[in-house]
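The residues making up each chain are set out below.
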Amino acid sequence: MKYQSQAVAKPYFIAAIALFVAQILFGLIMGLQYVVGDFLFPEIPFNVARMVHTNALIVWLLMAFMGAAYYLVPEESERELAMPWLATLMFWVFLVAAGLTVAGYLLVPYSSLAKITGNEFFPTMGREFLEQPTITKVGIVIVALAFLANIGLTILKGRKTVVSLVLLIGLTGLAVFFLFAFYNPTNLVLDKYYWWWVVHLWVEGVWELILGSILAFVLIKTTGVDREVIEKWLYIIIAMTLITGIIGTGHHYYWIGTPEYWQLWGSIFSAMEPIPFFMMTVFAFNMVNKRRRNHPNKAAVLWALGTAVMAFLGAGVWGFLHTLAPVNYYTHGTQITAAHGHMAFYGAYVMINLTIISYAMPILNGREANSPRSQVLEMWSFWLMTISMVFITLFLTAAGILQVYLQRFSDNPLPFMVVQEKIAIFYWLREFTGLVFLIGLILYIWSFFAAAKDAKAGVGAEPTGAAA
Amino acid sequence: MSQTFTKSMARNIFYGGAVFFFLLFLALTFDTHQALPKRDQRHLLDSATEVGQRIAKGKALWEENNCIGCHTLLGEGAYFAPELGNVYVRFGNSKEAIKAFIKSRPENGITGRRSMPQFHFSDEELDALAEFLKYASEIDTSGWPPSKQG
Ligand code: HEM
Ligand code: HEM
Ligand SMILES: [Fe+2]
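Think of each chain on its own: its residues are numbered from 1, step by step along the sequence as written. Chain labels run from A onward and ligand labels from 1 onward, assigned in the order the entries are written. In keeping with the predicted nature of the model, local features appear solely for residues at pLDDT of at least 70, side-chain atom pairs appear and are counted solely at 80 or more, and the whole-chain, interface and lining totals rest on all residues. Heavy atoms from the whole structure form the basis of all side-chain values; hydrogens and water molecules are not counted.

## Structural notes on the packing of helix α7 (residues 188–223) of chain A against helix α8 (residues 227–248) of chain A
All names here are of chain A.
Argument step 1. Two elements in contact, α7 and α8, have axes whose closest approach is 9 Å; the angle formed by their N-to-C orientations is 170°. On the basis of their axis angle, the class for α7 and α8 is roughly antiparallel. Contacts between α7 and α8 involve His200, Leu201, Glu204, Gly205, Glu208, Leu209, Gly212, Ser213, Ala216, Leu219, Ile220 and Thr223 from the first element and Arg227, Ile230, Leu234, Ile238, Thr241, Leu242, Gly245, Ile246 and Gly248 from the second.
Argument step 2. A class-by-class count of the residues in the contact of α7 with α8 yields ten nonpolar, eight polar and three charged. With axes taken as lines fitted to C-alpha atoms, and helix axes fitted only over the stretch in contact, angles between N-to-C directions fall between 0 and 180 degrees. In this text, helices come from DSSP runs of H or I with a minimum length of four residues, and strands from runs of E with a minimum of two, each type numbered from the N-terminal end. Roughly parallel covers angles under 35 degrees, roughly antiparallel covers those over 145, roughly perpendicular covers 65 to 115, and oblique covers all other angles. By definition in these notes, contact holds between two residues if any of their heavy atoms fall within 4.5 Å. Charged residues are taken to be Asp, Glu, Lys and Arg, nonpolar residues to be Ala, Val, Leu, Ile, Met, Phe, Trp, Tyr, Cys and Pro, and polar residues to be all remaining types, Gly included.

Below, the structure is given as structure tokens:
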């Protein structure tokens, strides 16, 4: 660790992983409710489990982004963080707000939560991913502003690199587009139109800038390739992201009441959205092949390469699969969407955060890399989680194809509930695969404890070597 | 990448591209706003009318009970329970049928079957929800969904 204040990142990373565990446990609950419909009913209805699953996901990704920024901005800026105390304070504010919100989901009916938090005076609740009480949303904005001020000031006072600048643009965009969560008109079409300004412009816009900059940072550190080369790649990747992704929002404007020309605009631009993801894959492999050093943290390099590949598969390939309007007409709002949502979120945003955590945690704990035994465990967890996610995606895709055929395409379309029963086998397979995913996650956490134990016993990482 | 393609060129493409396409997006958004009144049934939403008030109330109830956590509405939401954007049509253009369905959910679910909670709505609330779902079904969605089954 080069700068003391980088240490504020640590609690963010730890809390992120804890929430990740909660996310997966609730995923497994829902997975079972898919096939055993009354499981935990009426104590934890499906919608409640889903809120915990998706909101825990979003919050832990945000926590990890913040941790990543607090870790890499001082190093890029070559100075201490402007206000480390504020970062620590905001960590607790964020954690408590998230904890209270989840407790609210689980302990009282959602409508009571809405009443308690005064939703009627400023209604923003009850929309997918934006289920948080309005007061929690305000809390998120406050945390985000304090966070932006902190890293913005640090960057301003220190060395300005492309990596930190792109990160700052991405994070600012994240905060700005979140403000559309506060716009909720009765007009359903307008509600949906601007809802996507949060959801789509996040994951296929500004978050990709954050993803690119964290990936660039880890590649600079682990490969020793010239910064100039990496920064040029970064610029061109994020340029393609925004050139395709902004108008690409149109792929959500086909069937929600918006004008029909969106079918053309949305199809053309979103069909090009895989390009930046493909470039990211080429970029990551190129840099690792051209490396000038062998970093002892092999697990971090594996995560970095894995991110590039899986983001391309999940967002690029599975996104393209259903993005053209004539295809989306049939697949819209089916298990195909769920398949894509899982692999894209995992491949891009879960994996990039596991990459930076894998790279930074050993350093935050005072060593360049973890012991070989710990890294082997971590690589096992990489393969278990990644392969499970591939299979979860494949099973959901199979379920989705059958669903589309039986419910929408065949001569004699069947009711939703009838179709769901016919394809239950794939949900069972998804559930078993989810258990393997959980084992992978447990191994991941275990690898940190193994590393700590080995470090105490004096077992270090393999020494740094020159590139072969 | 070759030497002739410099970092500052890449940077300019990024800033230029981002600004240009965001402005284009704003222009398309402006045009969408012009076109929407013909498609989004906003005349129903007039809060001076009883129907308008019912729809507004229905949407609030929809949100405050998190119906979207199990259902899709115009294809967006959760995939655990039937699409409701066209449930009014599926139920034979009957608000009464929708109300009766919501009202009749058993407190403890249906054994082994995916279950919908019993929300204990008043008649007025049921009416509002049904009105909201009727309104949703009348939005011009370019012919989606492909079948009545949603
Ligand atoms: C990392 C980037 C991405 C993430 C995290 C992501 C995630 C998601 C999620 C969660 C949904 C479901 C939203 C909902 O609940 O309604 C969704 C929908 C969709 N995504 Fe992505 N996505 C990404 C990139 C892409 C790309 C690059 C494409 C196109 C090439 C794409 C095409 C689509 C389409 C067409 C839908 C709508 C599905 C429907 O009609 O039901 N996505 N995405
Ligand atoms: C890191 C791993 C995971 C990520 C990133 C993730 C992400 C997500 C996202 C983004 C959604 C919303 C999907 C959409 O609206 O299209 C979702 C829903 C869901 N997830 Fe996960 N998930 C993960 C793991 C799991 C696991 C292991 C299971 C169960 C075995 C699971 C089960 C579900 C279920 C059942 C839904 C609800 C689908 C519906 O709306 O009907 N997830 N997840
Ligand atoms: Fe999108």
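There is more to say, and it comes next.
## Some thoughts on a nonpolar patch on the surface
Argument step 1. Any residue with relative accessible area above 30% and no salt bridge may belong to a patch, with like charges joined within 9 Å and the nonpolar Val, Leu, Ile, Met, Phe, Trp and Tyr side chains within 5 Å. All accessible-area figures derive from a Shrake-Rupley calculation using a 1.4 Å probe, and residue coverage is judged against the displayed protein chains alone. In what follows, salt bridge is the name for a side-chain nitrogen of Lys or Arg lying within 4 Å of a carboxyl oxygen of Asp or Glu. A cluster of nonpolar side chains, namely A:Trp383, A:Ile387, A:Phe391 and A:Leu394, defines an oily patch on the protein surface of about 380 Å² accessible area.
Argument step 2. Structurally, A:Leu394 is set in helix α14 (residues 372–409).

## Thoughts on the domain arrangement of chain B
Argument step 1. As used throughout, domain bounds are those supplied by an automatic or database domain assignment. Along its sequence, chain B is organised into domain 1 (1–39) and domain 2 (41–150).
Argument step 2. Here the C-alpha centre of domain 2 of chain B lies 38 Å away from the C-alpha centre of domain 1 of chain B.

## Focus on the site of ligand 2
Argument step 1. We define proximity as follows: a residue is near a molecule or strand when any one of its heavy atoms falls within 4 Å of that partner. Neighbouring ligand 2 are 28 residues, the closest being A:Tyr34, A:Arg50, A:His53, A:Glu128 and A:His342.
Argument step 2. Lying at an intersection of chains, ligand 2 is approached by residues of chains A and B.
Argument step 3. Here A:Gln23 contributes a side-chain N or O atom positioned 3.4 Å from a nitrogen atom of ligand 2.
Argument step 4. Polar contact is the term for a pair of N or O atoms within 3.5 Å; when the atoms are in protein, one must be able to donate a hydrogen and the other to accept it, and sequence-neighboring residues count only if both atoms are side-chain atoms. With respect to ligand 2, the side chain of A:His342 contributes an N or O atom lying 2.8 Å from a nitrogen atom.

## So, the site of ligand 1
Argument step 1. Residues in close proximity to ligand 1 total 27 residues, the closest being A:Glu128, A:His332, A:Gly333, A:Thr337 and A:His340.
Argument step 2. The local environment of ligand 1 is shared, drawing residues from chains A and B.
Argument step 3. A:Asn328 places a side-chain nitrogen or oxygen 2.8 Å from an oxygen atom of ligand 1.
Argument step 4. For the shell around ligand 1, the elements supplying multiple residues, two or more each, are α7, α10 (274–289), α11 (298–321) and α13 (335–364) of chain A.
Argument step 5. Here the shell around ligand 1 gets seven residues from one element, more than from any other, and that element is α13(A).
Argument step 6. When the residues that make up the shell around ligand 1 are grouped by side-chain class, the tally is twelve nonpolar, twelve polar and three charged.

## Notes on the interface of chain B and chain A
Argument step 1. Opposite the 74 residues of chain B that make contact, chain A presents 87 residues.
Argument step 2. Throughout, the accessible surface (probe 1.4 Å) given up by two parts as they are put together, summed over both, is called the buried area. Between chain B and chain A the total buried area reaches about 6,900 Å² when both faces are included, carbon and sulfur atoms providing 65% of it.
Argument step 3. Where chain B packs against chain A, one counts six salt bridges.
Argument step 4. Where chain B meets chain A, there are 35 residue pairs in polar contact (both at pLDDT 80 or more).
Argument step 5. At 19 residues, helix α1 (residues 7–35) of chain B tops the list of elements feeding residues into the side of chain B that touches chain A.
Argument step 6. Within the side of chain B that touches chain A, the residues separate by chemical class into 37 nonpolar, 23 polar and 14 charged.

## Looking at the coordination of the iron atom of ligand 2
All names here are of chain A.
Argument step 1. Atoms of type N, O and S within 2.8 Å of a metal are treated as its donors, and for Na, K and Ca the window is 3.2 Å; water is not considered, so some sites may appear to be missing partners. Only His53 (NE2) and His342 (NE2) from the protein coordinate the iron atom of ligand 2, and they sit 2.0 Å from it.
Argument step 2. Labels for metal geometry use angle windows, namely 85 to 135 degrees for all angles of a four-donor tetrahedral site, and for square planar (four donors) or octahedral (six donors) sites opposite donors over 155 degrees apart plus all others within 65 to 115; sites meeting none of these are irregular. Note that the iron atom of ligand 2 binds six donor atoms; their angles at the metal cover 86 to 178°, and the shape is octahedral. Of the two residues, His53 is situated in helix α2 (residues 46–77) and His342 in helix α13; the sequence distance between them amounts to 289 residues.
Argument step 3. Here's how the labels work: a residue is buried when its accessible area is under 20% of the maximum for its type, exposed when over 50%, partly exposed in between, all with a 1.4 Å probe on protein chains only. By relative accessible area, His53 is classed as buried at 12%.
Argument step 4. By relative accessible area, which is 29% here, His342 ends up partly exposed.

## Description of the nonpolar core
Argument step 1. Nine residue types can take part in a nonpolar core, namely buried Ala, Val, Leu, Ile, Met, Phe, Trp, Tyr and Cys, and a core is a set of them joined through side-chain atoms within 4.5 Å. Among the nonpolar cores identified, the biggest contains 203 residues, and A:Phe20, A:Trp60, A:Tyr70, A:Trp202, A:Trp207 and A:Ile214 are the most heavily contacted of them.
Argument step 2. With 25 residues, α7(A) is the largest single contributor of residues to this core.
Argument step 3. Of the domains in this structure, domain 1 (1–39) and domain 2 (41–150) of chain B are the two that each give at least three residues to this core.
Argument step 4. Setting aside its immediate chain neighbours within four residues, A:Ile214 contacts A:Phe65, A:Ala68, A:Leu72, A:Leu167, A:Ile352 and A:Ile356.

## Focus on the coordination of the iron atom of ligand 1
All names here are of chain A.
Argument step 1. There is one protein donor for the iron atom of ligand 1, and it is His340 (NE2), at 2.0 Å.
Argument step 2. A separation of 4.3 Å is found between the iron atom of ligand 1 and the iron ion (ligand 3).
Argument step 3. In this structure, His340 sits in helix α13.

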